[in-house]
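# Survey of secondary and tertiary structure
Below are the chains, spelled out letter by letter.
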Amino acid sequence: MENKVLEIEKEALDALDKIEDLKSLEEFKNKYLSRSCELTNIKKSLKDLPVEVRPKVGALANKVFHELNEKSDERYEELYKIELDKKLREEKIDVTLPGTYLPYGKVHPLTSTINEVVEIFQHLGFSVTSNENSPEVETEYFNFDMLNVPKEHPARDVQDTFYCKNASNVVLRSQTSGAQIHAMKEKKPPIRIISPGRVYRNENISARKNNLFHQIEGLYVDKNVNFGHLKGVLQEFIRLYFGASRPTRFRSSFFPFTEPSVEIDVQCIMCGGKGCPTCSGTGWLEILGAGIVDPNVLKGVGIDPDVYSGFAFGMGVERLAMLKYAIDDIRSFFNNDIRFLKQF
Ligand code: DAH
């Protein structure tokens, strides 16, 4: 029996010498050092041996078991360190490497332009109307009638305005000015609102014209509002949006819902005023129409024009963005070409 133990010892030590990884060491332990291994079995069966050999065999089996245990623990330490070193070497992170690029989204330039304009007017005391007061599908009543636009006005023509096939008095709004009527019907003066949104016109699409674009409408109605207020507010807006040095001009104009009416031009950024295709050679681009609210419009919504007066304006968002960022084709806003959108 002693020989058997010594044989196991030799076999186990040889096996231990050949072990190169923790997994094989685990198998080794199962084979030579577990509760059901040969050595354990020998220790369990000592009672069956003749009394005189029991102590010797028992002591030897214990010694070998102990020795194998110790040696396998030592081997474990060595292998653990080797495997850890290998892992650290292979998985090391170079913190100086540039990070992985994650593509991220951007706010569309029209949205950021609207946000910027809205913020400026909010600082000037205006607040944004609710969506219900700025519908894109309108009746002629709000889009034209209440704005004092005569029945035979060319803007009402199907060449300019999209009409609903099944309901001839329903249009895709051609201007945000209808929001003025909604605002005045909802609330008594003082009223100081702005209303951004989409508008639609039956245009031939070109670098300067699209049949969907955006406007921001503004309205201020109170006692004693006059043209000086209009000029002051809009000049301050232009100063804040374009900066103090951008040449601008007020030009008299006509709109059915304002009297007197003006348009504001901003110097063309593409040619610096020299004249180019974008500004049709004039050096100027119109950004907004404005005026003193026509008494007829106030009367129509039940506001007494002898007590109250107001000014209104409507600006083109695409124009504002084109003139700030030197964009020479309105279609760029709608193509969703990522190379264009990423520049903002
Ligand atoms: N609605 C006009 C347009 O689309 C712009 C405009 C002009 C709006 C004068 C106004 C205004 O509120 O007072 O061309």
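Residues numbered from 1 in each chain as written. Predicted model: local features only at pLDDT ≥ 70, side-chain atom pairs only at ≥ 80, totals over all residues. Heavy atoms only, no water.

This paragraph deals with the domain arrangement of the protein. When cut into domains, the protein gives domain 1 (2–90) and domain 2 (109–341). Centre-to-centre, using C-alpha coordinates, domain 1 lies 91 Å away from domain 2. (Domains from an automatic or database assignment.)

Looking now at the site of the ligand. Looking at the ligand, there are 15 residues lining it, with Gln 175, Gln 180, Arg 201, Gln 215 and Glu 217 nearest. Side-chain polar atom of Glu 217 to an oxygen atom of the ligand: 2.6 Å apart, as the coordinates give it. Contact distances for the ligand include 3.2 Å between an oxygen atom and a backbone N or O atom of Ala 312. Against a free-state accessible area of 360 Å², the protein chains account for coverage of 90% of the ligand. Listed by contribution, the elements that provide at least two residues to the shell around the ligand are β5 (212–222), β8 (284–293) and β9 (309–316). (Near = heavy atom within 4 Å. Polar contact = N/O pair within 3.5 Å; in protein donor to acceptor, adjacent residues only side chain to side chain. Areas by Shrake-Rupley, 256 points an atom, 1.4 Å probe, with all protein chains shown as cover. Helix = DSSP H or I, 4+ residues; strand = E, 2+ residues; numbered from the N terminus.)

On to the sheet that holds β9. Strand order in this open sheet of 7 strands is β1-β4-β5-β9-β8-β7-β6, and the pairing throughout is mixed. Looking at strand neighbours, the two that pair on one side only are β1 (127–128) and β6 (248–255), the edges of this open sheet. Both strand β7 (residues 258–267) and β8 contribute to a ladder of 8 bridges, which runs antiparallel. Across the sheet, residue Val 266 finds its bridge partner in β8, namely Leu 285. Against the sheet, helix α8 (residues 227–242) touches β6, β7, β8 and β9, its axis set at about 150° to β8. (Pairing = 2+ DSSP bridges. Contact = heavy atoms within 4.5 Å. Axes fitted to C-alpha atoms, helices over the stretch in contact; angles between N-to-C directions.)

Under the defined criterion, the tally for this structure stands at 20 salt bridges. Between Glu 78 and Arg 75 there is a salt bridge, with its nearest N and O atoms 2.5 Å apart. Linking Glu 78 with Arg 75, this pair stays in helix α4 (residues 54–90), spanning 3 residues, or about one helical turn. As a salt-bridge pair, Asp 145 and Lys 151 come within 3.3 Å of each other at their nearest N and O atoms. A residue is classified by how much of its surface remains accessible, and Lys 151, at 61% relative accessible area, is exposed. Among the charged side chains, a salt-bridge network with shared partners connects Glu 140, Asp 145, Lys 151 and Arg 156. (Salt bridge = Lys/Arg side-chain N within 4 Å of Asp/Glu carboxyl O. Buried < 20%, exposed > 50% of the residue type's maximum accessible area, 1.4 Å probe, protein only.)

Now for the packing of aromatic side chains. Under the definition given, this model contains 17 aromatic pairs. Ring geometry for Phe 126 versus Phe 313: centroids 6.2 Å apart, planes at 65°, classification edge-to-face. Of this pair, Phe 126 sits in the loop between α5 (109–123) and β1 while Phe 313 sits in strand β9, and the two are 187 residues apart along the sequence. Pair check on accessibility: Phe 126 and Phe 313 agree, each one buried. (Phe/Tyr/Trp six-rings, centres within 6.5 Å; stacked < 30°, edge-to-face > 60°.)

What follows concerns the pairing of β6. Taken together, the 7 bridges between β6 and β7 define a ladder with antiparallel strand orientation. Paired with Arg 249 across the bridge in β7 is Asp 265. Linking two consecutive strands that pair antiparallel, namely β6 and β7, is a turn of 2 residues.

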